[in-house]
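# Architecture at a glance
Residue-level listing of the chains:
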Amino acid sequence: DVKVTQSSRYLVKRTGEKVFLECVQDMDHENMFWYRQDPGLGLRLIYFSYDVKMKEKGDIPEGYSVSREKKERFSLILESASTNQTSMYLCASSLDPGKTQYFGPGTRLLVL
Amino acid sequence: DQQVKQNSPSLSVQEGRISILNCDYTNSMFDYFLWYKKYPAEGPTFLISISSIKDKNEDGRFTVFLNKSAKHLSLHIVPSQPGDSAVYFCAACWRGSGNTGKLIFGQGTTLQVKP
């Protein structure tokens, strides 16, 4: 079974703090994704990566950056957290971008 | 511009009856469609998919129907069980040459199956 793990289930941060969310997958997948889920808006793609050190902007990249130094690890960085970044963050990986994506359990981030 | 839309935010059905979840899309280039199920405090899990060359795909109690001319797909759950209560997301992608094939998700429909 594919396993995608995320470093934290719940996080509380203050406005202006730098926040790191980490994601690790164990299936040697090329592609990794970061989404945020908000009520009524579904899952929106923030960034994705199709190879080590490669990244592409998704639909809502503003205020975020990513890092992929190793194949199995994809980090999402909030350079200066703001209250409108309070959300559920979901990481996913897939063998092929157009095939099934496997999701981690999510990190619920609250920015005060 | 919402390319994938789930117009019903919620649906409530009785245990044992059929649940029908709907999804509409606008991009005629989409050629692969998926349904995901999400329980609270968990990540979405893949449920079933369908390629645009088919109009139906079945897996146990779950069947997905695709109507390309109407740009509409639906997920049927028969019979519905209380454990099916979750948020259901449809997703679409274009796997054509030169495209990244990333998934576009709908807003989700919350299904409640009452015992």
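To start, this report covers the structure provided alongside it. This one's a predicted model, so the numbers in the text were calculated from it and none came from an experiment.

## Quick look at the layout of surface pockets
In this structure, the largest pocket spans a volume of roughly 230 Å³. Around the largest pocket, the lining comprises 14 residues; the ones closest to its centre are Arg44(A), Asp59(A), Gln2(B), Ile104(B) and Phe105(B). Elements with a minimum of two residues in the lining of the largest pocket: β5 (42-49) of chain A together with β10 (104-105) of chain B. Taken together, the residues that form the lining of the largest pocket break down as nine nonpolar, two polar and three charged.

## Some thoughts on empty space enclosed by the protein
Evaluation of the coordinates by the stated rule reveals one cavity of 30 Å³ or more. Taken as a whole, the largest cavity holds about 40 Å³ of empty space. Taken together, Arg9(A), Tyr10(A), Met88(A), Pro105(A), Gly106(A), Arg108(A) and Ala41(B) make up the lining of the largest cavity. Of the residues belonging to the lining of the largest cavity, the class tally is four nonpolar, one polar and two charged.

## As for the pairing of strand β4 (residues 32-38) of chain B
All names here are of chain B. Among the seven residues of β4, seven are classified as buried, and the element is accordingly described as predominantly covered. As paired elements, β4 and strand β5 (residues 45-51) share six bridges and run antiparallel to each other. Bridging across to β5, Leu-34 finds its partner in Ser-49. Hairpin connection, β4 to β5: the antiparallel pair is bridged by six residues, and Ala-41 has positive phi, about 65°. Inspection of the sheet shows β4 paired to strand β9 (residues 86-93) by seven bridges, in the antiparallel sense. Within the sheet, the bridge partner assigned to Leu-34 lies in β9 and is Ala-91.

## Observations regarding the interface of chain A and chain B
The interface of chain A with chain B comprises 23 residues on the first partner and 19 residues on the second. Carbon and sulfur atoms supply 59% of the area buried between chain A and chain B, which totals about 1,600 Å² over both sides. Linking chain A to chain B there are one salt bridge. The salt bridge partner of Lys102(B) is Asp59(A), with a shortest N-O separation of 4.0 Å. At the boundary of chain A with chain B, the tally comes to three residue pairs in polar contact (both at pLDDT 80 or more). When contributions to the side of chain A that touches chain B are tallied by element, the ones reaching two or more residues are β4 (31-38), β5, β6 (56-57) and β9 (87-94) of chain A. Sort the elements by how many residues they give to the side of chain A that touches chain B and β5(A) lands first, with four residues. When grouped by side-chain class, the residues that make up the side of chain A that touches chain B number eleven nonpolar, seven polar and five charged.

## Thoughts on unusual backbone geometry
Here the residue pair Val78(B) and Pro79(B) is connected by a cis peptide bond, since its omega of -10° sits within 30 degrees of zero. With respect to the helices and strands, Pro79(B) occurs in the loop between β8 (72-77) and β9. Notably, Lys53(A) is not glycine yet its phi reads approximately 65°, a positive angle. Here Lys53(A) is to be found in the loop between β5 and β6. Overall, the relative accessible area of 57% leaves Lys53(A) in the exposed class.

## Digging into the sheet that holds strand β7 (residues 64-70) of chain A
Residues and elements named next belong to chain A. If you walk across this open sheet you meet the four strands as β1-β3-β8-β7, and the pairing is antiparallel. On the outer flanks of this sheet lie β1 (4-6) and β7, each paired with one strand and no other. Strand-to-strand twist in this sheet, taken as the mean axis angle between neighbours without regard to direction, amounts to 20°. In this sheet, strand β3 (residues 19-25) lies alongside β1 in antiparallel orientation, the contact comprising three bridges. Bridging from a neighbouring strand, Thr-5 pairs with Val-24 of β3.

## Some thoughts on the state of the cysteines
Within the structure shown, the criterion is met by two disulfides over all chains. Covalent S-S linkage joins Cys23(A) and Cys91(A), the inter-sulfur distance amounting to 1.9 Å. Its S-S torsion of approximately -75° makes the covalent link between Cys23(A) and Cys91(A) left-handed. You can see Cys23(A) sitting in strand β3 and its partner Cys91(A) sitting in strand β9, a full 68 residues away along the chain. There is no split in this pair, since Cys23(A) and Cys91(A) are both buried. Cys90(B) supplies the cysteine sulfur nearest to Cys93(B), a cysteine that is in no disulfide, at a spacing of 12 Å. According to the relative accessible area criterion, Cys93(B) is buried, its value standing at 0%.

Thresholds applied
- For every chain, the first residue of its written sequence is number 1, and the numbers climb from 1 along that sequence.
- To label them, take the chains in the order written and letter them from A, then take the ligands in the order written and number them from 1.
- It should be noted that, the model being predicted, local features are given only for residues of pLDDT at least 70 and side-chain atom pairs only at 80 or more, the latter also being counted only at that level, while totals for whole chains, interfaces and linings use all residues.
- Computation of side-chain values covers all heavy atoms of the structure but excludes hydrogens and water.
- Only protein atoms enter the 1 Å grid used here. Points where a 1.4 Å probe fits but cannot escape make up a cavity, open sets with protein on both sides within 12 Å along at least five of seven lines make up a pocket, and a residue lines them when an atom lies within 4 Å of a point.
- Grid points are joined across faces, edges and corners, and a volume is the space filled by probe spheres set on the points.
- Note on conventions: DSSP H or I runs of at least 4 residues are helices, E runs of at least 2 residues are strands, and numbering of each starts at the N terminus.
- Think of it as three bins: nonpolar holds Ala, Val, Leu, Ile, Met, Phe, Trp, Tyr, Cys and Pro, charged holds Asp, Glu, Lys and Arg, and polar takes everything else, Gly as well.
- Think of it in three bands: with a 1.4 Å probe and only protein chains considered, a residue is buried below 20% of the maximum accessible area for its type, exposed above 50%, and partly exposed in between.
- Two strands pair if DSSP finds at least two bridges between them.
- Whether two residues are in contact is decided by their heavy atoms: any pair within 4.5 Å suffices.
- When two parts are put together, the accessible area they lose, computed with a 1.4 Å probe and summed over both, is reported as buried area.
- What counts as a salt bridge is simple: a side-chain nitrogen of Lys or Arg found within 4 Å of a carboxyl oxygen of Asp or Glu.
- Pairing of N or O atoms within 3.5 Å defines a polar contact, subject to two protein rules: one partner must be a possible hydrogen donor and the other a possible acceptor, and residues neighboring in sequence count only if both atoms are side-chain atoms.
- An axis is simply a line fitted to the C-alpha atoms; with a helix, the fit covers only the stretch in contact. Between two such axes, the angle follows the N-to-C directions and lies from 0 to 180 degrees.
- Pairs of cysteine sulfur atoms within 2.5 Å are what we label disulfides.

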